[in-house]
Amino acid sequence: MENTKDLTEHSSRPERKRRDSFGMFDGYDSCSEDTSSSSSSEESEEEVAPLPSNLPIIKNNGQVYTYPDGKSGMATCEMCGMVGVRDAFYSKTKRFCSVSCSRSYSSNSKKASILARLQGKPPTKKAKVLQKQPLVAKLAAYAQYQATLQNQAKTKAAVSMEGFSWGNYINSNSFIAAPVTCFKHAPMGTCWGDISENVRVEVPNTDCSLPTKVFWIAGIVKLAGYNALLRYEGFENDSGLDFWCNICGSDIHPVGWCAASGKPLVPPRTIQHKYTNWKAFLVKRLTGAKTLPPDFSQKVSESMQYPFKPCMRVEVVDKRHLCRTRVAVVESVIGGRLRLVYEESEDRTDDFWCHMHSPLIHHIGWSRSIGHRFKRSDITKKQDGHFDTPPHLFAKVKEVDQSGEWFKEGMKLEAIDPLNLSTICVATIRKVLADGFLMIGIDGSEAADGSDWFCYHATSPSIFPVGFCEINMIELTPPRGYTKLPFKWFDYLRETGSIAAPVKLFNKDVPNHGFRVGMKLEAVDLMEPRLICVATVTRIIHRLLRIHFDGWEEEYDQWVDCESPDLYPVGWCQLTGYQLQPPASQSSRESQSGSSKQKKKAKSQQYKGHKKMTTLQLKEELIDGEDYNFLQGASDQESNGSASFYIKQEP
């Protein structure tokens, strides 16, 4: 087996010779080695391309990397440490950035050069004079800019999270999180691959007294969404310095990145004397292990590019009148979530939050094309800079054939109430639109003018055949004021002279979604869709998930489809810079004037609409003419899998 033992430097090789194929220094005492025997280890010419569905395997010499462009790319001056384009470097070997560094290198020992770089010392005065000042100034300005952004991000996170840590929350309660692959709409959701426990990465070494930023190799001990619990190599079963980080963060790299980028690998100070030959240790530990794909960071970046841009115009549901849509303008985009401002809002405060794949938004002209009610804008022409969103950017719905047996007005069904997502109610089809869309009303609580009808597609996972709740042991909410309890569909259909919508017309596809009861995630509070909260899957009925918001009562749970774009992996808020709402503690709930119910009710006042009531309020406060709060409907995302649920029909 080829080892990483230092070999004689070959003058014909252009690569840097100060580190071995892992790009590592021999611990803190590396500078005490004899300089005549230590240039670098021979590097293999073999390059391993990872399989599409697997992670790259680390070869026995540790080399699994190339430069980002697949060529020589960047180079690092062996004297002063300056990074630049390799072709612009001095000499045939491209080892130095200037004549000065080449001469200085000849007059100084290599261990002095290594020590200078390891300790972060500046280059010699002569080297400074010959360096191009504009490039140096740009590099310094960029470094300062990056540091400022990082400080701002840390400050924002500290304030918004109020001390909440997903890692501590999961560790202290032995929770498990839903894997990233459950969320196809989230970054890396479709290309997460085989990232799992024992995968190795290169990360900053925080157990270090050196003034410069150095790195070390760590292994994944536990995964929770995007977050990974890491342990530095060499600590074996010692979890004393384990730490959580977002695996998609900018400081997480595949093994080999340090060698390719000229970054030093230095063992943690706690274990620096544990081994005398760290190179041999790494070769033994990493041979056959898996690491991230070399293009992992590029994939993360690409998966966080969103086609929706500010100033795009869309049609979105009117949050005050569910039966119609209005024109709104994209104000901002965060992680694929859109802050939409209704076009007639002069102070730009009348807004609505939803994901770009939400079934609640459509292209301009959608309402007219299917016969949906639409509120015309008082603005006669588009404002400067505003433009219509291309239709192909919106989520597609499944095509249906309405020519044969189809839904008809007056048919009964069961539906998730968009005004109270914790309930599934007795409902009626009030109008059949084009392209498979239906206007639906909740029995017993409809406005006389139909202003609270809501639109679901025929394939929506939020509507169900008569008897769905009974067969799946879900409490069905009967019509308001209906006194013949317990509710029986057979009696109700006979009393109202109605028929049930045929079972075969409903969407029975159930994808292999991967969710399990008890899994943690981040979920939109659809009572106030600008909020994303710590949540738990508490029940699974085929493709239907019961989402519980940690710290809140069960009456605020919500039924959500497994492919809803309002669900995200643990760590999504941190990755995208969105504010996460931590679990409500008992003390914080009790500190409110009254109960948490009052707090939740007050919290939703910004999204006032028609007929929002909790289950408890429906039973205790049946007051006519009351204003209700609007809740966003569940997702109309389609599935690729197939399964079926069986409905018990009474004669």
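Anyway, here's the lowdown on the structure attached to this text. Computed from a predicted structure; not experimentally measured.

## Comments concerning the packing of aromatic side chains
Working step 1: Scanning all chains against the criterion turns up 29 aromatic pairs.
Working step 2: Grouping aromatic residues by their ring pairs yields a cluster made of Phe164, Trp166, Tyr169 and Phe175.
Working step 3: Lying over the aromatic face of Phe175, Lys520 brings its terminal NZ or CZ to 4.0 Å of the ring centre.

## Things to note about the pattern of salt bridges
Working step 1: One pass over the structure, following the stated rule, counts 28 salt bridges.
Working step 2: For Asp350, the salt bridge is made with Lys319, and the minimal N-O distance between the two is 3.3 Å. Of this pair, Asp350 sits in the loop between strand S12 (337-342) and strand S13 (351-355) while Lys319 sits in the loop between strand S10 (312-318) and strand S11 (321-334), placing them 31 residues apart in sequence. In terms of burial, Asp350 and Lys319 fall into one category: buried.
Working step 3: As a salt-bridge pair, Asp350 and Arg320 come within 3.3 Å of each other at their nearest N and O atoms. You can see Asp350 sitting in the loop between S12 and S13 and its partner Arg320 sitting in the loop between S10 and S11, a full 30 residues away along the chain.
Working step 4: Taking relative accessible area as the criterion, Asp350 reaches 17% and is therefore assigned buried.
Working step 5: Via salt bridges that share partners, Asp318, Lys319, Arg320, Arg324, Arg326, Glu344, Asp350 and Lys375 belong to a single interconnected network.

## Quick look at the environment of Pro268
Working step 1: Along the chain, the position of Pro268 falls in the loop between helix H6 (257-261) and helix H7 (278-286).
Working step 2: Between the alpha carbons of Pro268 and Asp207 there is a distance of 5.1 Å; along the sequence they are 61 residues apart.
Working step 3: Beyond its immediate chain neighbours, meaning those up to four positions away, Pro268 contacts Asn205, Asp207, Trp216, Tyr232 and Phe235.

## Quick look at helix H11 (residues 489-496)
Working step 1: Along H11, the positions that sit buried rather than exposed are Trp489, Asp491, Tyr492 and Leu493.
Working step 2: On its buried face, H11 sits against strand S17 (412-416), strand S18 (424-432) and strand S22 (476-477).
Working step 3: The first or second residue beyond H11 is Gly497, which carries a positive phi of 65°.

## Focus on unusual backbone geometry
Working step 1: Look at the link from Leu485 to Pro486: it is a cis peptide, with omega at 0°.
Working step 2: Positive phi, close to 60°, is recorded for Arg348, a residue that is not glycine.
Working step 3: Its place among the elements puts Arg348 in the loop between S12 and S13.
Working step 4: Notably, His542 is not glycine yet its phi reads approximately 60°, a positive angle.

## Some details on the sheet that holds strand S6 (residues 200-204)
Working step 1: On the basis of which strands lie adjacent, the open sheet formed by 4 strands has the order S6-S7-S8-S9 and antiparallel pairing. This sheet does not close on itself; its edge strands, each paired only once, are S6 and strand S9 (243-246). For this sheet, the mean angle separating the axes of adjacent strands, direction not counted, is 50°.
Working step 2: Where strand S8 (residues 227-232) meets S9, 4 bridges bridge the pair, whose relative direction is antiparallel.

## Notes on the side chain of Gln558
Working step 1: Counting through the fold element by element, Gln558 comes out in strand S26 (residues 558-561).
Working step 2: Residue Gln558 is classed as buried on the basis of its relative accessible area, which comes to 2%.
Working step 3: A distance of 3.4 Å separates polar atoms of two side chains, one belonging to Gln558 and the other to Asp525.

## Regarding the pairing of strand S24 (residues 532-541)
Taken residue by residue, a regular strand's side chains alternate between the two faces of the sheet.
Working step 1: Counting buried positions over the 10 residues of S24 gives 7, a clear majority of the element.
Working step 2: Pairing geometry for S24 and strand S28 (residues 580-581), over 2 bridges, is parallel. Directly across from Ile532, in S28, lies its bridge partner Leu580.
Working step 3: Judged from the 6 bridges that link them, S24 and strand S25 (residues 544-549) form a sheet pairing that is antiparallel. Following the sheet pairing, Ala535 is matched in S25 by Phe549.
Working step 4: A loop of 2 residues connects S24 with S25, the two strands running antiparallel in sequence, and His542 in this loop sits at a positive phi of about 60°.

Here is what the cut-offs are and how they apply
Residues numbered from 1 in each chain as written. Predicted model: local features only at pLDDT ≥ 70, side-chain atom pairs only at ≥ 80, totals over all residues. Heavy atoms only, no water. Phe/Tyr/Trp six-rings, centres within 6.5 Å; stacked < 30°, edge-to-face > 60°. Lys NZ or Arg CZ within 6 Å of the ring centre and 35° of its normal. Salt bridge = Lys/Arg side-chain N within 4 Å of Asp/Glu carboxyl O. Helix = DSSP H or I, 4+ residues; strand = E, 2+ residues; numbered from the N terminus. Buried < 20%, exposed > 50% of the residue type's maximum accessible area, 1.4 Å probe, protein only. Contact = heavy atoms within 4.5 Å. Pairing = 2+ DSSP bridges. Axes fitted to C-alpha atoms, helices over the stretch in contact; angles between N-to-C directions. Polar contact = N/O pair within 3.5 Å; in protein donor to acceptor, adjacent residues only side chain to side chain.

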